[in-house]
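# Commentary on secondary and tertiary structure
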Amino acid sequence: GSWSEAVQLIIIVLLPKSDGGFLPNGLIPWLPRFWMRARRDVATHWERPHDRPFLYAGPAKGADVAAWKQAVRAEHAVKCNLIYGIVLLDLVKAFERTRHADPQSQSLIHAYHLWLLRLSLATYRLGRVVRVGNAMSHKFQACRGITAGSGFATLEMRLAVLTPLDNAHAAYPTFVSTLFVDDIACELAAREEAIMEHLAGFALVICEALAAAG
């Protein structure tokens, strides 16, 4: 349940973003990275029975596929003389803000492998430094956040948002939603009154749950 002292350092590099600013990416030591690759089959075994129609990321379910389906649903709504409404949610610094207790509680709800999660969280709590060019920061330990670059990062982000989306669909079953890593879309084709009443309601169920989770 813990890593050797020989590999207890993550270097955070700042990658330039096309729209300005930087994207922090963690260079994880070889042993945790090798372990994540070797244990990927355990995570895949969990993913199959916990799939949802709204989950996009994987074979034949990329971001471009999700976008084309949204465009088709919008055009079909127009043909049927309905109003098409969509809310796009982009979680700001989603990986950096995730509390380590949240994937743990969600793992109990969704029967995720707890030993796998324990070593994964131990990886995120390794000492880390930020590198800018040849300059290094002092070593520090993060008490929250999923390190982008981890082999299980996208799966653990899925754990964080699965319950809010399940609850939103239970309350508003006519909605179509799309989840691609940390980007969420909520769609509805209906009459104007239904759009005004229910579209915000569906989005708020998700937003309030994620806000409560920090």
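Residues numbered from 1 in each chain as written. Predicted model: local features only at pLDDT ≥ 70, side-chain atom pairs only at ≥ 80, totals over all residues. Heavy atoms only, no water.

Core analysis: the largest hydrophobic core is formed by 45 residues, its most contacted members being Tyr112, Phe152, Ile184 and Ile206. Secondary structure elements with two or more residues in this core: strand S1 (10–16), helix H1 (30–38), helix H2 (40–47), helix H4 (94–97), helix H6 (114–124), helix H7 (153–171), strand S9 (183–190) and helix H8 (192–212). If you tally residues by element for this core, the top one is H7, at 9 residues. For Tyr112, the residues in contact, after removing those within four places along its chain, are Ala43, Trp46, Ser107, Leu117, Phe152, Leu155 and Leu159. (Core = buried A, V, L, I, M, F, W, Y, C linked by side-chain atoms within 4.5 Å. Buried < 20%, exposed > 50% of the residue type's maximum accessible area, 1.4 Å probe, protein only. Helix = DSSP H or I, 4+ residues; strand = E, 2+ residues; numbered from the N terminus. Contact = heavy atoms within 4.5 Å.)

Right, let's talk about the packing of aromatic side chains for a bit. All chains considered together, the criterion is met by 6 aromatic pairs. Pairing Tyr172 with Phe175 gives two aromatic rings, centres 5.9 Å apart and planes at 80 degrees, and the pair type is edge-to-face. In textbook terms, an aromatic cluster arises when at least three aromatic residues are bridged by ring pairs, as seen for Trp3, Trp35 and Phe152. Positioned above the aromatic ring of Tyr56, the side-chain terminus of Lys61 is 4.8 Å from the ring centre. (Phe/Tyr/Trp six-rings, centres within 6.5 Å; stacked < 30°, edge-to-face > 60°. Lys NZ or Arg CZ within 6 Å of the ring centre and 35° of its normal.)

Time to look at the sheet that holds S9. Sheet architecture is open: 4 strands sit in the order S3-S8-S9-S4, paired in mixed fashion. On the outer flanks of this sheet lie strand S3 (55–56) and strand S4 (83–90), each paired with one strand and no other. In the sheet, strand S8 (residues 176–180) pairs with S9 via 5 bridges, with the strands oriented antiparallel. Bridging across to S9, Thr178 finds its partner in Ala185. Along the sheet, H8 contacts S4, S8 and S9; its crossing angle with S9, the most-contacted strand, is approximately 160 degrees. (Pairing = 2+ DSSP bridges. Axes fitted to C-alpha atoms, helices over the stretch in contact; angles between N-to-C directions.)

Its boundaries defined by the atoms lining it, the largest pocket holds a volume of some 500 Å³. If you go around the largest pocket, you meet 23 residues; those closest to its centre are Leu23, Pro24, Lys93, Phe95 and Glu96. Of all the secondary-structure elements, those providing two or more residues to the lining of the largest pocket are strand S2 (22–27), H4 and strand S5 (127–132). Ranked by residue count, the leading element in the lining of the largest pocket is S2, at 4 residues. Per-class residue counts for the lining of the largest pocket are 12 nonpolar, 4 polar and 7 charged. (1 Å grid on protein atoms, 1.4 Å probe; cavity = no way out; pocket = protein on both sides within 12 Å on 5 of 7 lines; lining within 4 Å. Points joined across faces, edges and corners; volume = space filled by probe spheres on them. Nonpolar A, V, L, I, M, F, W, Y, C, P; charged D, E, K, R; others polar.)

Before going further, it helps to examine H2. By the burial criterion, the buried members of H2 are Val42, Ala43, Trp46 and Glu47. The arc that holds every buried residue of H2, seen down its axis, measures 140 degrees, which confines them to one face. Elements that come into contact with the buried residues of H2 comprise helix H5 (101–110), H6 and H7. (Arc of directions from axis to C-beta.)

Turning our attention to the pattern of salt bridges. The final tally for this structure, using the stated rule, is 4 salt bridges. Its salt-bridge partner being Glu47, residue Arg158 comes within 3.5 Å of it at the nearest N-O pair. Of the two residues, Arg158 is situated in helix H7 and Glu47 in helix H2; the sequence distance between them amounts to 111 residues. Since its relative accessible area comes to 11%, Arg158 is described here as buried. Through salt bridges that share partners, Arg40, Glu47 and Arg158 make up one connected network. (Salt bridge = Lys/Arg side-chain N within 4 Å of Asp/Glu carboxyl O.)

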